[in-house]
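A look at the structure
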Amino acid sequence: MTFSETLRAATWSDHESAEGESYLKELMSGRLSAEEYGEMVAQHYFCYLALDGAAKRLAGDPVSGGFVFPELYREEALVRDLETIYGSGWRERVSPSKSTRTLMARIEQVADWPGGYIAHHYTRYMGDLSGGQFIRMELQKIYGYQKGGGVDFYFFDEVGSLPRFKNEYRARLDALDLDEAAQQRVIREVKLAYQLNTEVLTELLHTVRAAA
Ligand code: HEM
């Protein structure tokens, strides 16, 4: 098996936990208001400030630099989405939740280790480029958002063909010089990344329910 195949197989049960998270189920079945959907967009905003912030610092790194893609950066798209959902005063309305702060701190903590940065980058971006595309189509049906604000986070116009990009990404994972122990360490970080991202979703559901 290639490393990308091993990684996917070793973490697919973690993916299923993330995918099955109740906030996403509520969201996908159209039971949340636009403002309640916006709570997740806000958490994405802070998560990507950390992730893309790390990427910008790592562009010249010989290993991590291969996983720095300016065409993926999400901040501008997330700002457009938040403006659309909450209006021009969105900045006063959003703050990172406790779980998001934990995720951001972990991204910062491991960013100097290429395997750590890549683990968090893979977990978010390969997800956004895969299941994220399905999520966008559902959100567009539910809320009627068009390109330009609302679900721009899920549009990757500068990437071109998403399948081609994902194949290239997997080829880069496979080209990493990792022995068995190093592979296992990256896999453990991806599992942690799934867990931390899932906790963000769990906290969101509590927030939404507490406010209802
Ligand atoms: C409704 C929720 C979700 C659905 C329906 C979904 C669906 C999918 C599907 C169908 C794939 C495979 C695509 C392919 O092989 O090209 C995929 C891949 C992936 N998803 Fe998700 N997903 C969801 C949520 C998430 C979440 C919350 C995360 C992480 C926080 C995530 C991370 C990933 C990753 C990293 C991959 C790439 C796996 C690999 O091929 O190595 N997904 N998702």
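Residues numbered from 1 in each chain as written. Predicted model: local features only at pLDDT ≥ 70, side-chain atom pairs only at ≥ 80, totals over all residues. Heavy atoms only, no water.

Topic: the layout of surface pockets
By volume, the largest pocket amounts to about 850 Å³. Along the walls of the largest pocket sit 36 residues, with His15, Gly127, Gly131, Gly132 and Ile135 positioned nearest its centre. Here the element with the most residues in the lining of the largest pocket is helix 1 (residues 3–19); it accounts for 7 residues. The residue makeup of the lining of the largest pocket, split by class, is 17 nonpolar, 12 polar and 7 charged. The volume enclosed by the second largest pocket comes to roughly 290 Å³. Taken together, 16 residues form the lining of the second largest pocket, with Tyr73, Arg74, Glu76, Arg80 and Glu158 sitting closest to its centre. In terms of residues, the lining of the second largest pocket owes the most to one element, helix 4 (residues 75–86), which gives 4 residues. (1 Å grid on protein atoms, 1.4 Å probe; cavity = no way out; pocket = protein on both sides within 12 Å on 5 of 7 lines; lining within 4 Å. Points joined across faces, edges and corners; volume = space filled by probe spheres on them. Helix = DSSP H or I, 4+ residues; strand = E, 2+ residues; numbered from the N terminus. Nonpolar A, V, L, I, M, F, W, Y, C, P; charged D, E, K, R; others polar.)

Here we look at the coordination of the iron atom of the ligand
No other protein atom reaches the iron atom of the ligand as a donor apart from His15 (NE2), found 2.1 Å away. With respect to the secondary-structure elements, histidine 15 resides in helix 1. (Donors = N, O, S within 2.8 Å, 3.2 Å for Na, K, Ca; no water.)

Observations concerning the environment of glutamate 16
Mapped onto the secondary structure, glutamate 16 falls in helix 1. On the accessibility criterion, glutamate 16 (48% relative accessible area) is partly exposed. The spatial distance from the C-alpha of glutamate 16 to the C-alpha of arginine 170 is 20 Å, given a sequence separation of 154 residues. (Buried < 20%, exposed > 50% of the residue type's maximum accessible area, 1.4 Å probe, protein only.)

Topic: the site of the ligand
Taken together, 19 residues surround the ligand, and among them Arg8, His15, Tyr122, Lys166 and Arg170 come closest. Tyrosine 122 places a polar side-chain atom, nitrogen or oxygen, 2.5 Å from an oxygen atom of the ligand. More than half of the atoms of the ligand fall within 2 Å of the grid points belonging to the largest pocket. For the shell around the ligand, the elements supplying multiple residues, two or more each, are helix 1, helix 7 (114–129), helix 8 (131–143), helix 9 (162–174) and helix 10 (180–211). Its residues assigned to classes, the shell around the ligand shows 8 nonpolar, 6 polar and 5 charged. (Near = heavy atom within 4 Å. Polar contact = N/O pair within 3.5 Å; in protein donor to acceptor, adjacent residues only side chain to side chain. Sits in = over half its atoms within 2 Å of the grid points.)

Regarding the packing of helix 3 (residues 34–58) against helix 6 (residues 98–110)
It is at 9 Å that the axes of helix 3 and helix 6 come closest, and there the two elements cross at 5 degrees. By the angle class used here, helix 3 and helix 6 are roughly parallel. Along its contact with helix 3, which presents Gln43, Phe46, Cys47, Ala50, Leu51, Ala54 and Arg57, the element helix 6 presents Thr100, Leu103, Met104, Ile107 and Glu108. The class makeup of the residues in the contact of helix 3 with helix 6 is 8 nonpolar, 2 polar and 2 charged. (Axes fitted to C-alpha atoms, helices over the stretch in contact; angles between N-to-C directions. Parallel < 35°, antiparallel > 145°, perpendicular 65-115°, else oblique. Contact = heavy atoms within 4.5 Å.)

Considering the packing of helix 6 against helix 10
It is at 8 Å that the axes of helix 6 and helix 10 come closest, and there the two elements cross at 160 degrees. One way to sum up the angle between helix 6 and helix 10 is to call them roughly antiparallel. Relative to helix 10, helix 6 is oriented so that their crossing is left-handed. Across from Lys98, Ser99, Thr100, Thr102, Leu103, Arg106 and Val110 in helix 6, the residues of helix 10 making contact are Glu189, Leu192, Leu196, Asn197, Glu199, Val200 and Glu203. Within the contact of helix 6 with helix 10, the residues separate by chemical class into 5 nonpolar, 4 polar and 5 charged. (Left-handed = near helix turned anticlockwise from the far one by under 90°.)

Points about the packing of aromatic side chains
All told, the structure shown has 13 aromatic pairs when counted by the stated rule. Here the aromatic rings of tyrosine 45 and tryptophan 90 are separated by 5.2 Å at their centres, their planes lie at 85 degrees, and the arrangement is edge-to-face. You can see tyrosine 45 sitting in helix 3 and its partner tryptophan 90 sitting in helix 5 (residues 90–93), a full 45 residues away along the chain. Taking the relative accessible area as the measure of exposure, tyrosine 45 reaches 6% and is therefore buried. Note on tryptophan 90: relative accessible area 3%, which makes it buried. Through a chain of ring-to-ring contacts, the aromatic side chains of Tyr48, Tyr125, Phe153, Tyr154 and Phe156 assemble into a single cluster. Sitting over the face of the ring of tryptophan 12, arginine 8 holds its NZ or CZ atom 4.5 Å from the ring centroid. (Phe/Tyr/Trp six-rings, centres within 6.5 Å; stacked < 30°, edge-to-face > 60°. Lys NZ or Arg CZ within 6 Å of the ring centre and 35° of its normal.)

So, the nonpolar core
Among the nonpolar cores identified, the biggest contains 69 residues, and Tyr23, Leu27, Tyr37, Met40 and Leu173 are the most heavily contacted of them. Broken down by element, this core gets its largest block of residues, 13 residues, from helix 3. If we skip the residues at most four places from it in the chain, methionine 40 touches Tyr23, Leu24, Leu27, Tyr154, Leu201 and Leu204. (Core = buried A, V, L, I, M, F, W, Y, C linked by side-chain atoms within 4.5 Å.)

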